[in-house]
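# Observations on the three-dimensional arrangement
The lines below spell out each chain.
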Amino acid sequence: MPLKNQKIVVVGGSSGMGLAAAQALAKTGAVVVIAGRSQEKLDKSKSTISGDVQTCSLDFTNESMVRDFFIETGKIDHLVVAAAGIPAWGAFLELDMAALRSAFDTKFWGQFYCTRYAVPHLRPDGSVTLFIGAACRTAIPGTAGLAAVNGAIMQMAYTLAKELAPLRVNAISPGMVDTPAYDWMNLEKKQAMFEQTGKSLPVKRIGRPDEVAEAVVFLVSNGFVTGTVLDIDGGASLS
């Protein structure tokens with residue numbers, strides 16, 4: 001399905017995998033709207049995208065702001081929600097409950113709000129692409145909180161693929177990808193983690209944002225794919 005001139009909203013499109021997705025979608029000739037919290041980051045990101053791109057400041061955890069955003073944006077063909085929110089790491093018995101509630105309040109509710117308020121403005125046979133995390137696709141000790149949040153989004157995607165049909169609803173489950181999400185670590189520790197994780201994968205390296213972006217373009221453009229979770233993880237889910 002050609003995407004030229006189709007209007008695609010990418011929430012979380014100012015950095016990382018969301019920005020890579022926006023760049024890839026714009027190359028197809030689509031009209032791309034990138035939304036994120038920081039207008040400064042959005043303006044900087046816009047300069048890296050070749051094509052028809054618009055920006056809008058949006059806190060996807062703010063329900064009324066999300067509703068108003070989609071009303072103002074008007075009719076769209078596709079929605080991609082790549083914004084991640086705040087994760088809740090830690091062993092189950094030591095997990096900080098406030099952190100877990102915050103993780104639901106950001107990532108889960110953010111993706112829920114975006115989907116709910118976008119649907120009335122999406123064309124009937126358009127698409128929604130959500131982002132989850134590898135923690136809910138395998139059993140990794142210390143990630144029960146992550147698995148709970150992402151698992152909730154995954155099950156929502158499966159159900160909505162039927163409930164909202166013929167609108168297509170899919171999800172992408174990235175493994176470890178080199179994005180600014182890890183910039184809180186010092187460079188030496190980050191590189192060591194990337195190297196160690198990469199060695200454990202069948203492909204022997206971690207992922208790149210553009211590889212995830214290719215998967216987004218596939219899910220958005222393939223009109224015969226719905227109710228699918230696409231693992232872009234270098235084979236991590238095999239272990």
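Look above for the structure.
The present account deals with the structure reproduced in this document. Here the structure is a predicted model, which means the values were calculated and not measured.

## Focus on the overall build of the protein
Looking only at helices and strands, one finds seven helices and seven strands in the protein. When the helices and strands of the protein are placed in sequence order, the string is β-α-β-α-β-α-β-α-β-α-β-α-α-β. Relative to the 2.2 N^0.38 estimate, which gives 18 Å for 239 residues, the radius of gyration of the protein is 17 Å and therefore close to what a compact globule would have. Projected onto the principal axes, the alpha-carbon positions of the protein cover approximately 45 × 35 × 35 Å. Per-residue burial for the protein yields a buried fraction of 49% across its 239 residues. At a minimum sequence separation of 6, the contacts of the protein that also span at least 24 residues come to 68%. Here the protein displays about 11600 Å² of accessible surface, and carbon together with sulfur accounts for 57% of that area. Each charge sign in the protein was given a centre, from 22 positive and 22 negative side chains, and these centres are 3 Å apart.

## Digging into helix H1 (residues 16-27)
Taking 1.5 Å per residue, twelve residues should reach 16 Å; H1 reaches 17 Å between its end C-alpha atoms and fits that length. By the criterion of burial, H1 is predominantly enclosed, with ten of the twelve residues buried. Those residues of H1 not exposed but buried are Gly 16, Met 17, Gly 18, Leu 19, Ala 20, Ala 21, Ala 22, Ala 24, Leu 25 and Ala 26.

## Concerning the nonpolar core
Within the largest apolar cluster, 38 residues are counted, with the highest numbers of intra-cluster contacts made by Val 9, Val 11, Val 66, Phe 70, Leu 79 and Cys 114. Where this core is concerned, the elements lending two or more residues are strand E1 (7-11), strand E2 (31-36), helix H3 (63-73), strand E4 (76-81), helix H4 (97-118), strand E5 (122-131), helix H5 (144-163) and strand E6 (168-174). Residues contacting Val 9, with those up to four places away along its chain left out, are Val 33, Phe 69, Phe 70, Thr 73, Ile 76, His 78, Leu 79 and Val 80. Counting 30 residues, the second largest nonpolar core, distinct from the first, contains Ala 21, Ala 24, Ile 34 and Leu 42.

## Notes on the environment of Trp 184
If you trace the backbone, Trp 184 turns up in the loop between E6 and helix H6 (187-200). With 14 residues separating them in the primary sequence, Trp 184 and Gly 198 have C-alpha atoms 20 Å apart.

## Here's the deal with the sheet that holds E4
Taken in spatial order, the seven strands of this open sheet run E3-E2-E1-E4-E5-E6-E7, and their pairing is parallel. With partners counted over all chains shown, the strands left at the sheet margins are strand E3 (53-57) and strand E7 (229-232), one partner each. For this sheet the average axis-to-axis angle between neighbouring strands, irrespective of direction, equals 20 degrees. Inspection of the sheet shows E2 paired to E3 by five bridges, in the parallel sense. Bridging across to E3, Gly 36 finds its partner in Ser 57. Sheet strands in contact with H5 are E5, E6 and E7, and its direction is about 160 degrees off that of E5.

## Observations regarding H6
In this model H6 runs 20 Å from its N-terminal to its C-terminal C-alpha over 14 residues, within 8% of the 20 Å that 1.5 Å per residue would give. Those residues of H6 lying buried are Lys 190, Phe 194 and Gly 198. Axial view of H6: buried residues confined to an arc of 65 degrees, hence all on one face. The outward face of H6, more than 90 degrees from its buried face, is lined by the exposed residues Glu 188, Lys 189, Gln 196, Lys 199 and Ser 200. Near the N-terminus of H6, the side chain that reaches the backbone nitrogen of Glu 188, with its oxygen 3.1 Å away, is that of Asn 186.

Reading guide: rules and limits
- Residues numbered from 1 in each chain as written.
- Predicted model: local features only at pLDDT ≥ 70, side-chain atom pairs only at ≥ 80, totals over all residues.
- Heavy atoms only, no water.
- Helix = DSSP H or I, 4+ residues; strand = E, 2+ residues; numbered from the N terminus.
- Rg over C-alpha atoms; globule rule 2.2 N^0.38 Å.
- Buried < 20%, exposed > 50% of the residue type's maximum accessible area, 1.4 Å probe, protein only.
- Contact = heavy atoms within 4.5 Å.
- Areas by Shrake-Rupley, 256 points an atom, 1.4 Å probe, with all protein chains shown as cover.
- Lys, Arg positive; Asp, Glu negative; His and termini not counted.
- Charge placed at Lys NZ, Arg CZ, Asp CG, Glu CD.
- Expected span 1.5 Å × (residues − 1).
- Core = buried A, V, L, I, M, F, W, Y, C linked by side-chain atoms within 4.5 Å.
- Pairing = 2+ DSSP bridges.
- Axes fitted to C-alpha atoms, helices over the stretch in contact; angles between N-to-C directions.
- Arc of directions from axis to C-beta.
- Polar contact = N/O pair within 3.5 Å; in protein donor to acceptor, adjacent residues only side chain to side chain.

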